[in-house]
Amino acid sequence: MNKPQILLVEDDETLARLIRDYLLLSAFEVTLCADGESALKTFHEKNFDLCIVDVMLPKLDGFSLVQQIRQANTQVPVIFLTARSDKHDRIKGFLTGADDYITKPFDVEELVLRIRVILRRMQNNDAHGLIAFGRSSYNPNTCELEVNGQTIRLTGKEAGIMELLCRNKNSLVRRSELLRRVWGRDEPLLSRSMDVYLSKLRKYLAADKSVEIENHHGIGYVLKEK
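Read on for an overview of the structure. (Residues numbered from 1 in each chain as written. Predicted model: local features only at pLDDT ≥ 70, side-chain atom pairs only at ≥ 80, totals over all residues. Heavy atoms only, no water.)

### Some words on the overall build of the protein
Then comes step 1: For the protein, the count of helices and strands is eight helices and 12 strands.
Then comes step 2: Taking 2.2 N^0.38 as the reference for a compact globule, 226 residues should give roughly 17 Å; the C-alpha atoms of the protein span a radius of gyration of 18 Å, in line with that estimate.
Then comes step 3: Its C-alpha atoms give the protein principal-axis dimensions of roughly 50 × 35 × 30 Å.
Then comes step 4: Relative to its full complement of 226 residues, the protein shows a buried share of 46%.
Then comes step 5: Approximately 11700 Å² of the protein is accessible, and the part contributed by carbon and sulfur atoms is 49%.
Then comes step 6: In the protein, the 33 positive side-chain charges and the 32 negative ones have mean positions that sit 5 Å from each other. (Helix = DSSP H or I, 4+ residues; strand = E, 2+ residues; numbered from the N terminus. Rg over C-alpha atoms; globule rule 2.2 N^0.38 Å. Buried < 20%, exposed > 50% of the residue type's maximum accessible area, 1.4 Å probe, protein only. Areas by Shrake-Rupley, 256 points an atom, 1.4 Å probe, with all protein chains shown as cover. Lys, Arg positive; Asp, Glu negative; His and termini not counted. Charge placed at Lys NZ, Arg CZ, Asp CG, Glu CD.)

### Concerning the environment of Ile52
Then comes step 1: Relative to the assigned elements, Ile52 resides in strand β3 (residues 50–53).
Then comes step 2: Excluding its chain neighbours within four sequence positions, the residues that come into contact with Ile52 are Ile6, Leu7, Leu8, Val9, Leu23, Ile79, Leu81, Leu111 and Ile115. (Contact = heavy atoms within 4.5 Å.)

### With respect to the side chain of Asn47
Then comes step 1: If you trace the backbone, Asn47 turns up in the loop between α2 (36–45) and β3.
Then comes step 2: When near neighbours in sequence (up to four residues on either side) are disregarded, Asn47 contacts Gln5, Asn168, Leu172, Val173, Glu177 and Arg181.

### Focus on the nonpolar core
Then comes step 1: Phe133, Ile161, Met162 and Leu223 are the most contacted members of the largest nonpolar core, which totals 27 residues.
Then comes step 2: Those elements that place two or more of their residues in this core are β6 (131–133), β8 (144–147), α6 (156–167), α7 (175–183), α8 (188–205), β11 (211–216) and β12 (220–225).
Then comes step 3: Discounting chain neighbours no more than four positions away, the residues touching Met162 are Phe133, Tyr138, Leu145, Leu154, Leu201, Leu205 and Leu223.
Then comes step 4: The next biggest cluster of nonpolar side chains, apart from the first, holds 22 residues, and it includes Val9, Leu40, Phe48 and Ile69. (Core = buried A, V, L, I, M, F, W, Y, C linked by side-chain atoms within 4.5 Å.)

### Quick notes on the packing of aromatic side chains
Then comes step 1: Taken as a whole and judged by the stated rule, the model has four aromatic pairs.
Then comes step 2: Centre to centre, the rings of Phe63 and Phe80 are 5.3 Å apart; their planes meet at 75°, and the pair counts as edge-to-face. With Phe63 in helix α3 (residues 62–72) and Phe80 in strand β4 (residues 78–82), this pair connects stretches of sequence that are 17 residues apart. Assigned by exposure class, Phe63 and Phe80 land together as buried. (Phe/Tyr/Trp six-rings, centres within 6.5 Å; stacked < 30°, edge-to-face > 60°.)

### Digging into α2
Then comes step 1: Among all positions of α2, only Gly36, Ala39, Leu40, Thr42 and Phe43 are buried. Angularly, the buried residues of α2 cover 165° about the axis, an arc narrow enough to put them on a single face.
Then comes step 2: At the N-terminal boundary of α2, the capping side chain belongs to Asp35, with an oxygen 3.1 Å from the backbone nitrogen of Glu37. (Arc of directions from axis to C-beta. Polar contact = N/O pair within 3.5 Å; in protein donor to acceptor, adjacent residues only side chain to side chain.)

### A short note on the sheet that holds strand β7 (residues 136–139)
Then comes step 1: In space, the four strands of this open sheet follow the order β6-β7-β8-β9, with antiparallel pairing throughout. Edge positions in the sheet fall to β6 and β9 (150–153), since each of these pairs with one other strand and no more. Within the sheet, the average angular offset between the axes of one strand and its neighbour, ignoring direction, is 20°. (Pairing = 2+ DSSP bridges. Axes fitted to C-alpha atoms, helices over the stretch in contact; angles between N-to-C directions.)

### Some details on the pattern of salt bridges
Any two side chains of opposite charge can pair, so long as their charged atoms come close to each other.
Then comes step 1: Under the criterion given, the structure shown has 15 salt bridges.
Then comes step 2: Where Asp21 meets Arg20, a salt bridge forms, and the shortest distance between an N and an O atom there is 3.3 Å.
Then comes step 3: On the basis of relative accessibility, which here comes to 38%, the residue Asp21 falls in the partly exposed class.
Then comes step 4: For the salt bridge of Glu110 with Arg114, the shortest nitrogen-to-oxygen distance reads 2.6 Å. Residue Glu110 and its partner Arg114 are located together in helix α5 (residues 108–128), separated by four residues, close to a single helical turn.
Then comes step 5: Through salt bridges with shared partners, a single ionic network connects Glu10, Asp54 and Lys104. (Salt bridge = Lys/Arg side-chain N within 4 Å of Asp/Glu carboxyl O.)

### A closer look at the sheet that holds strand β10 (residues 173–174)
Then comes step 1: Read from one edge of the open sheet, three strands run β10-β12-β11, paired in antiparallel fashion. Every interior strand has two partners, whereas the edge strands, β10 and β11, have only one.
Then comes step 2: Bridging between β10 and β12 involves two bridges; their strand directions are antiparallel. Opposite Arg174, over in β12, you have Gly220 as the bridge partner.
Then comes step 3: Against the sheet, α6 makes contact with β10, β11 and β12, and its axis sits at roughly 60° relative to β12, the strand it touches most.

Rendered as structure tokens:
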């Protein structure tokens, strides 16, 4: 089972190491960034299950960072971790799109528990609902794609690609990530096979003019809502 991928954005080096090490011991994979600009770049390069963001960051503050993350991905959970406990900051954090707001000092064990609660809630939501995009939707439990009222049962590989694109709609999913997640390995010879499946998915979605699978040549794909 893949470990949840966490993006940790914290400029306090000592605190960042403490949180990272505890999360690693708690069976999470952690990518650490020390400023908002590098965090935004990293977010677009990888797929994360949850983001932990300090508010007061160099180069790009946490509120601005999360606003840009939300423009690219409305689903990924975000926890603000900050010394700013003012009521207006908390309200701004939630309005920006945060799922939780934890003030320093805090207990790292409590942070882990909150992360698990949020991830469990996301899994439960997935189990009971569809992933909607454009005028279409995808059900990961039945592998059924619905486009303009027509239901299409996807094959295993089609379903794997579709789910990754849906969960990261409007955000780049790298070719290497698709190959690792769907085929289990990143090998150049598999790219041609993946292109065939992507071509089929594009044909299925052709009836929905509000969405398309964009090809970023040599890099990856974006399920784009127009």
